[in-house]
Amino acid sequence: QGLGEMLQARSHRRVYWVHALWVLNIFLFLVVAWWVFYRWRFEQNWTFFLFVFVLISPTILYLCSLLLFPREGDVSVRDYKTHYYANHRALFTVFALFVPVDVVDTLLKGVPHFVAQGPQYIASGIILFSATVTGAITRNETYHKVFAIYCLCHIVWISFAIFHTLQ
């Protein structure tokens, strides 16, 4: 919905490439989250706790997508750059929760499954969590530009290096 509004509002709201890149990043993280959660398809003993837990990551990413866009009908926002920096703390605080939830999800599938992800899984999680917390703290524009590009590279890399199969 936010992307549709962004396309419709492009004549009176300036697009900010960092914001647009985060829209793409969050979308790609959502795709990967659903891909990873498909690994639960063979679980025989679903519990309500597991069901709720499986919904946490997509909910985190959904909340991030809401924070990326102004409220519907908000005409006071003239550009996405202002909106992005006004909401970056909330956006990245919520997004930081994604990593620990993913680690718990991986551990719930069993320690052998966690170990099978390899050291790149742990390293990428630590880097992403640290960078996200930093993104919540700093308003430095250069940092946010580099971080947006890094996250795009990160999600593409882990998609092929770690999550390329459903094993």
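Residues numbered from 1 in each chain as written. Predicted model: local features only at pLDDT ≥ 70, side-chain atom pairs only at ≥ 80, totals over all residues. Heavy atoms only, no water.

With 21 residues, helix H2 (residues 17-37) ought to run about 30 Å at 1.5 Å a step, and its terminal C-alpha atoms sit 30 Å apart, in line with that. Listed in full, the buried residues belonging to H2 are Val18, His19, Leu21, Trp22, Val23, Asn25, Ile26, Phe29, Val32, Ala33, Val36 and Phe37. (Helix = DSSP H or I, 4+ residues; strand = E, 2+ residues; numbered from the N terminus. Expected span 1.5 Å × (residues − 1). Buried < 20%, exposed > 50% of the residue type's maximum accessible area, 1.4 Å probe, protein only.)

Among the structural elements, threonine 134 can be located in helix H7 (residues 119-137). Spatially, the C-alpha atoms of threonine 134 and threonine 93 are 9.5 Å apart, while their sequence positions differ by 41 residues.

In this structure, Trp22, Tyr84, Phe92 and Phe95 are the most contacted members of the largest nonpolar core, which totals 38 residues. Secondary-structure elements contributing two or more residues to this core are H2, helix H3 (48-68), helix H4 (80-96), helix H5 (98-108), H7 and helix H8 (141-161). (Core = buried A, V, L, I, M, F, W, Y, C linked by side-chain atoms within 4.5 Å.)

The tally for this structure, following the rule as stated, stands at 16 aromatic pairs. Taking the centre distance of 4.9 Å and the plane angle of 70 degrees together, the rings of tryptophan 22 and phenylalanine 92 count as edge-to-face. Note that tryptophan 22 is positioned in helix H2 and phenylalanine 92 in helix H4, a separation of 70 residues in sequence. The residues tryptophan 22 and phenylalanine 92 share a single accessibility class, namely buried. In this structure an aromatic cluster arises from ring pairing among Tyr16, Trp22, Phe29, Tyr84, Tyr85, Phe92, Phe95, Phe98, Tyr143 and Phe147. (Phe/Tyr/Trp six-rings, centres within 6.5 Å; stacked < 30°, edge-to-face > 60°.)

Below, the discussion takes up H8. Between the first and last C-alpha of H8 there are 29 Å, a value that for 21 residues agrees with the 30 Å anticipated at 1.5 Å per step. Contacts made by the buried residues of H8 are with H2, H4 and H7. Backbone nitrogen of threonine 142 and a side-chain oxygen of the N-cap are separated by 2.9 Å at the start of H8; the cap is asparagine 140. (Contact = heavy atoms within 4.5 Å. Polar contact = N/O pair within 3.5 Å; in protein donor to acceptor, adjacent residues only side chain to side chain.)

With respect to the helices and strands, the residue asparagine 25 is situated in helix H2. By relative accessible area, asparagine 25 is classed as buried at 0%. Once residues within four sequence positions are removed from consideration, asparagine 25 is found in contact with Ala148, Cys151 and Leu152.

This paragraph deals with the confidence of the model for the protein. Summarising the model, the protein shows a mean pLDDT of 86, and 86% of its residues fall at 70 or more. Averaged over each element, pLDDT in the protein is lowest for helix H1 (residues 2-8) (61) and highest for H4 (95). (pLDDT = per-residue confidence, 0-100.)

Opposite charge on two side chains lets them pair, provided their charged atoms get close. A full pass over the atoms with the stated rule returns four salt bridges. A salt bridge links glutamate 141 to lysine 81; the shortest N-O distance between them is 3.0 Å. A residue pair is termed long-range when its members are at least 10 positions apart, and glutamate 141 in helix H8 and lysine 81 in helix H4 qualify at 60 residues. Residue lysine 81 is classed as partly exposed on the basis of its relative accessible area, which comes to 34%. Between lysine 145 and glutamate 141 there is a salt bridge, with its nearest N and O atoms 3.7 Å apart. You can see lysine 145 and its partner glutamate 141 sitting in helix H8, four residues apart, about one turn around the helix. On the basis of relative accessibility, which here comes to 29%, the residue lysine 145 falls in the partly exposed class. (Salt bridge = Lys/Arg side-chain N within 4 Å of Asp/Glu carboxyl O.)

Bringing the packing of H3 against H5 into the picture now. Their axes nearest at 10 Å, the elements H3 and H5 cross at an angle of 155 degrees. In terms of axis orientation, H3 runs roughly antiparallel to H5. As for the relative orientation of H3 and H5, their crossing is left-handed in sense. Counted together, Phe53, Ile56, Ser57, Ile60 and Leu61 of H3 and Phe98, Val101, Val104, Asp105 and Leu108 of H5 form the full contact between these two elements. Along the lines of polarity and charge, the residues of the contact of H3 with H5 split into eight nonpolar, one polar and one charged. (Axes fitted to C-alpha atoms, helices over the stretch in contact; angles between N-to-C directions. Parallel < 35°, antiparallel > 145°, perpendicular 65-115°, else oblique. Left-handed = near helix turned anticlockwise from the far one by under 90°. Nonpolar A, V, L, I, M, F, W, Y, C, P; charged D, E, K, R; others polar.)

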